[in-house]
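So the chains spell out like this:
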Amino acid sequence: MGEMSPFASAERLEAIRDAIKSCEQLLAKEQSSEIAWEDDAVRPLMRSADLPTSKVAPGVQPVYKGGLQDIGEAATKISRARKAVYELLDGENACSAWFRRTDPRVAATFLSLTFSVDDDGSKRVVKERNDRGIWIEHGPYIARTHEGTGPGAIVTINGNGAFFRTTGQVYKIEWTGSIGSDTGSSRHLHAGPFDGGTLEAQIVTLLHELAHVIGAVPSDDSSAGGFARSQENTELVLRYCQGDASATARKTRLLAKLSGNL
């Protein structure tokens, strides 16, 4: 392409300037074409088939593979809790405000997560001595993810933990490294102050894991006797979200009842 003659007409120069301006406006529009999640008219809920599943660990089944309708009760419960948490995060409340301190687009981040169920997860409530020689009970784990992984992270939910179940069998470990023995007793499972298997427990579980995904809380300490860190993280989430989690659960149940789906 040759250079433009300095003797080009004023009309041609004006036309070229207009064309350049149009191109710059189009480029700017393309560069800022992100979804406006705050606009109700432009909030396409990510379909289950679109969620990433390629990083799911062996033996752990992705909940959204093949569509929620075909997965069964576990996926139905996760889907209900997922919808409730999204509505909470997308609203204006103390819980969403706290999450947005770390991730201003936290509702969109939450929608990007993949949820998997660990059907072979521990069923046991373990009773053992901590580093001070005091008997403590903990587990089974409820859910887990990797710290600070951000959008597209995988959250694995224990199929035998408090997300789905109400009780667990107690096993006693007499000394470090020994095999736990069945005590013949059971304990009620909880997620924070909420009974296992309830919508409140499920909402708090997903919020806890989301807090790890965006780095709003430190990594849980799963070493023997170090389970206080996970409890502390749950308490931090509850400080800002307990009331909103309870209100959202009540609203979800009421709407389900009115629609005949409860």
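The structure this text deals with has already been given above.
Each value, and the rule that gives it
Residues numbered from 1 in each chain as written. Predicted model: local features only at pLDDT ≥ 70, side-chain atom pairs only at ≥ 80, totals over all residues. Heavy atoms only, no water. Phe/Tyr/Trp six-rings, centres within 6.5 Å; stacked < 30°, edge-to-face > 60°. Helix = DSSP H or I, 4+ residues; strand = E, 2+ residues; numbered from the N terminus. Buried < 20%, exposed > 50% of the residue type's maximum accessible area, 1.4 Å probe, protein only. Lys NZ or Arg CZ within 6 Å of the ring centre and 35° of its normal. Pairing = 2+ DSSP bridges. Axes fitted to C-alpha atoms, helices over the stretch in contact; angles between N-to-C directions. Arc of directions from axis to C-beta. Polar contact = N/O pair within 3.5 Å; in protein donor to acceptor, adjacent residues only side chain to side chain.

Novice: What is the right way to read the packing of aromatic side chains from this model?
Specialist: Aromatic rings considered in pairs are described by the distance between their centres and by the relative angle of their planes. Applying the stated criterion to the full structure yields four aromatic pairs. Plain terms: the ring middles of Trp98 and Tyr240 are 5.1 Å apart, the flat faces sit at 10° to each other, and that makes the pair stacked. Placement of Trp98 in helix H3 (residues 94-102) and of Tyr240 in helix H6 (residues 228-259) is noted, with a sequence separation of 142 residues between them. Taking relative accessible area as the criterion, Tyr240 reaches 24% and is therefore assigned partly exposed. Cluster of aromatic residues (ring-pair linked, three or more members): Trp98, Phe99 and Tyr240. Lying over the aromatic face of Tyr171, Arg124 brings its terminal NZ or CZ to 3.8 Å of the ring centre.

Novice: How do you make sense of the sheet that holds strand S7 (residues 167-172) when you look at a structure like this?
Specialist: Within a sheet, adjacent strands bond to each other through the backbone by hydrogen bonds, running parallel or antiparallel. Taking strand neighbours across the sheet as the criterion, the four strands line up as S4-S3-S7-S8 in an open arrangement whose pairing is mixed. Each having just a single partner strand, strand S4 (135-138) and strand S8 (181-188) make up the two edges of the open sheet. Pairwise comparison of adjacent strand axes, ignoring direction, gives a mean angle of 30° for this sheet. Strand direction decides the pairing type here: strand S3 (residues 124-129) and S7, joined by four bridges, are parallel. By the bridge assignment, Lys127 is partnered in S7 with Lys172.

Novice: Looking at this structure, how should I read H3?
Specialist: Think of an α-helix as turning once every 3.6 residues; residues three or four places apart then point the same way. Looking at H3, one finds that the buried residues are Cys95, Ser96, Trp98 and Phe99. One side of H3 holds all its buried residues, which, seen down the axis, span an arc of 160°. If you check the start of H3, you find a side-chain oxygen 3.1 Å away from the backbone N of Cys95, and it comes from Asn93.

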